[in-house]
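Letter by letter, the chains look like this.
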Amino acid sequence: MAAPKKGRSASAQSKPGRSLALILIAIVALTGGMFVSGHTTPRLGIDLAGGTSITLRAVPEDGNESAINKKNMDTAVDIMNRRVNGLGVSEAEVQTQGDRNIIVNIPKGTNSEEARQQVGTTAKLYFRPVLATEATGGPATSPSPSASTSGSASPSASGSEKASATPSASATTQGRAVTDALKADPTPSATPSGSASPSASPSASGGTTDDSKLQAQYAALDCSKAATRATAGDGAKPEESTVGCGENQGVWYKYLLGPAGVDGTEVDKAQAVYDTQSGAGWKVQMDFTSAGAKKFADITGKLAQNQSPQNQFGIVLDGEVVSSPYVSQSITGGNAEISGTFTQQEAESLGNILSYGALPLTFKEDSVTTVTAALGGEQLQAGLIAGAIGLALVVLYLLVYYRGLSFIAILSLLVSAALTYVIMSLLGPAIGFALNLPAVCGAIVAIGITADSFIVYFERVRDEIREGRSLRPAVERAWPRARRTILVSDFVSFLAAAVLFIVTVGKVQGFAFTLGLTTLLDVVVVFLFTKPLLTLMARRKFFASGHPWSGLDPKRLGARPPLRRTRRPAAPVETKEA
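Keep in mind the model is a prediction, meaning the values are calculated, not measured.

Cut-offs and rules
- Residues numbered from 1 in each chain as written.
- Predicted model: local features only at pLDDT ≥ 70, side-chain atom pairs only at ≥ 80, totals over all residues.
- Heavy atoms only, no water.
- Phe/Tyr/Trp six-rings, centres within 6.5 Å; stacked < 30°, edge-to-face > 60°.
- Buried < 20%, exposed > 50% of the residue type's maximum accessible area, 1.4 Å probe, protein only.
- Lys NZ or Arg CZ within 6 Å of the ring centre and 35° of its normal.
- Core = buried A, V, L, I, M, F, W, Y, C linked by side-chain atoms within 4.5 Å.
- Helix = DSSP H or I, 4+ residues; strand = E, 2+ residues; numbered from the N terminus.
- Contact = heavy atoms within 4.5 Å.
- Polar contact = N/O pair within 3.5 Å; in protein donor to acceptor, adjacent residues only side chain to side chain.
- Pairing = 2+ DSSP bridges.

Asker: Any details on the packing of aromatic side chains? Residues and values, ideally.
Answerer: How two aromatic rings sit relative to each other is given by the distance of their centres and the angle of their planes. Evaluated as defined, the whole model comprises 15 aromatic pairs. Judged by centre distance (4.8 Å) and plane angle (85°), the ring pair of Tyr401 and Tyr402 falls under edge-to-face. Taken together, a centroid distance of 5.1 Å and an interplanar angle of 90° make the contact between Phe542 and Phe543 edge-to-face. Judged by relative accessible area, which is 7%, Phe543 ranks as buried. Sitting over the ring of Tyr126, Arg128 keeps its end group 5.5 Å from the ring centre.

Quick look at the structure:
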């Protein structure tokens with residue numbers, strides 16, 4: 001019979017310090033990263049920090065289920081981010097959950113009605129003629145980019161009817177396309193705020209600004225203030241003139257805009273493409289519906305007859321001018337392109353803006369939850385108290401039943417708690433993880449799961465001692481069977497957490513995520529800390545001798561006397577006669 005292989009097990013027994021050093025180095029590195037990042041506490045969710053949480057569900061129009069896809073959902077999130085940021089909330093977050101849900105979290109008790117009004121309505125995209133524009137707080141000049149790269153807004157099919165385009169409003173802080181990729185008017189000018197009426201006739205510009213109230217509103221508009229930008233143009237109907245704000249190279253400009261010439265829903269398709277033929281880089285191609293193509297040809301024909309800035313049309317999304325190219329002749333054919341010095345991200349962003357008005361998506365409000373900061377603090381305190389009580393009960397049980405072994409279990413629990421805290425603190429800025437009340441519940445449940453792994457191992461060791469073995473062989477012989485049981489148990493817990501995370505939406509995912517994270521950490525702690533530490537402690541006289549307070553006393557465990565092998569007496573040999 002072949003002798004058992006002892007090399008690997010002997011090496012593992014003799015060098016448990018390597019595993020302990022590895023996990024301690026990991027704890028130190030993660031803790032150092034936490035302090036370096038400046039996020040020393042876990043990010044709290046709405047139910048603990050206070051605020052408003054809105055769950056929106058995407059509903060396709062006319063049964064067009066294919067409209068609910070990642071691209072459209074990401075675009076909707078981008079639009080809603082713009083709206084929430086318009087509230088002046090710096091810590092707000094908008095993110096998708098599942099394939100058709102959007103969660104909007106606005107912390108610190110923001111008014112839920114205002115938040116619902118901002119994010120719960122469908123985005124409105126219009127093409128409006130620019131009647132006047134100027135930098136807020138600066139001279140009455142139209143914004144022009146420093147780059148002189150030429151660009152065009154032209155039919156992409158033939159490219160024969162080219163019309164220059166200028167960016168009166170560049171990328172917003174939310175990542176909109178930098179429209180200085182569009183050709184700047186070399187001699188832009190705008191009327192001062194005191195005389196906001198355009199020089200062009202209403203028929204040429206597409207509207208009139210004779211309304212003194214609108215002129216006064218334009219003169220008083222200060223787009224450098226977030227609160228003002230959020231309300232600029234509110235309540236304006238498509239057939240009415242209005243005001244708006246747009247950003248260019250970090251400077252906000254105000255606009256006086258005529259009635260909408262083209263509705264965003266009349267954009268059939270818009271996408272970013274790379275111009276491989278001329279090497280001009282990224283550009284945005286637009287295709288209009290039949291009705292939109294006629295309207296776009298009409299408005300560009302009228303605008304081409306005017307002087308700057310009244311030869312520009314503003315692409316207005318929810319009251320903000322995201323781009324304002326100018327034209328020099330009518331653009332017909334039902335398609336056009338905006339090209340210049342776009343990066344890929346900028347071109348895709350502008351393409352998404354233009355496409356959003358045509359998306360067959362609406363959103364229905366599933367739930368709105370508003371929690372005050374005081375109530376959130378009370379819930380956090382209650383959760384921490386519950387966790388402390390659960391931990392205290394587990395520690396008390398370990399002390400009474402396992403005595404000296406409880407020292408190893410408590411240290412393992414502390415290591416698991418430290419890893420959980422540090423990782424949660426780092427996951428906040430990394431992936432937006434927020435610790436909510438269900439997540440706290442998941443962490444409390446994890447205390448029992450972690451303690452259960454220690455108990456399984458300790459009981460296996462005790463079983464070996466009951467069989468009459470000494471402690472050091474018992475620790476090593478018990479480990480393979482305990483390891484198998486621990487892995488199976490943790491796999492079931494992790495599988496349940498994964499399924500729960502996938503099939504649920506909202507706060508329940510916080511519970512599932514925390515449960516899955518702590519289950520993985522349980523495996524790490526048991527393998528790299530608990531087992532090596534018990535191996536080291538088995539070499540100490542207190543445990544090896546079976547001290548009554550060690551929790552491994554053979555007498556208390558009812559151990560059998562050690563089996564001793566005795567030689568069989570030799571059988572008498574009978575002599576045979578020859």
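Asker: Can you lay out the nonpolar core for me, pointing to particular residues and giving the numbers?
Answerer: Side chains of a nonpolar character, in soluble globular proteins, are inclined to be buried together. Of all hydrophobic cores here, the largest spans 47 residues; its most connected members are Leu405, Tyr457, Phe458, Val461, Leu471 and Leu534. Those elements that place two or more of their residues in this core are helix H2 (16-37), helix H11 (373-402), helix H12 (405-431), helix H13 (437-466), helix H14 (471-503) and helix H15 (508-537). A per-element tally of this core places H13 first, with ten residues. Setting aside residues up to four positions removed in sequence, Leu471 forms contacts with Val461, Ile465, Ala538, Phe543, Ala544 and Leu552. Of all hydrophobic cores here, the second largest spans 27 residues; its members include Ile79, Phe288, Leu303 and Leu350.

Asker: Describe the side chain of Asn306, and please don't skip the residues or the numbers.
Answerer: By secondary structure assignment, the location of Asn306 is in the loop between helix H9 (290-303) and strand S11 (313-317). In this structure the side chain of Asn306 is engaged in a polar contact, spanning 3.1 Å, whose partner is the backbone oxygen of Gln310.

Asker: Run through the pairing of strand S9 (residues 267-275), naming residues and quoting values.
Answerer: The two faces of a sheet get side chains in turn, since along a regular strand they alternate between them. Relative to strand S10 (residues 281-288), S9 runs antiparallel, the two being bridged by eight bridges. Bridge assignment links Tyr274 to a residue of S10, and that residue is Trp282. Hairpin connection of S9 to S10: five residues between the antiparallel strands, including Gly279 at a positive phi of 70°.

Asker: Could you give an account of the pairing of strand S6 (residues 242-248), with specific residues and numbers?
Answerer: Counting buried positions over the seven residues of S6 gives seven, a clear majority of the element. On S6, burial covers both faces: Thr242, Gly244, Gly246 and Asn248 on one face and Val243, Cys245 and Glu247 on the other are all buried. In this structure, S6 lies alongside strand S7 (residues 251-257), joined through seven bridges in antiparallel fashion. Residue Glu247 lies in a different strand from S7, and its bridge partner there is Trp252. The hairpin formed by S6 and S7 contains two residues between the paired strands, and Gln249 there has a positive phi angle of roughly 55°.

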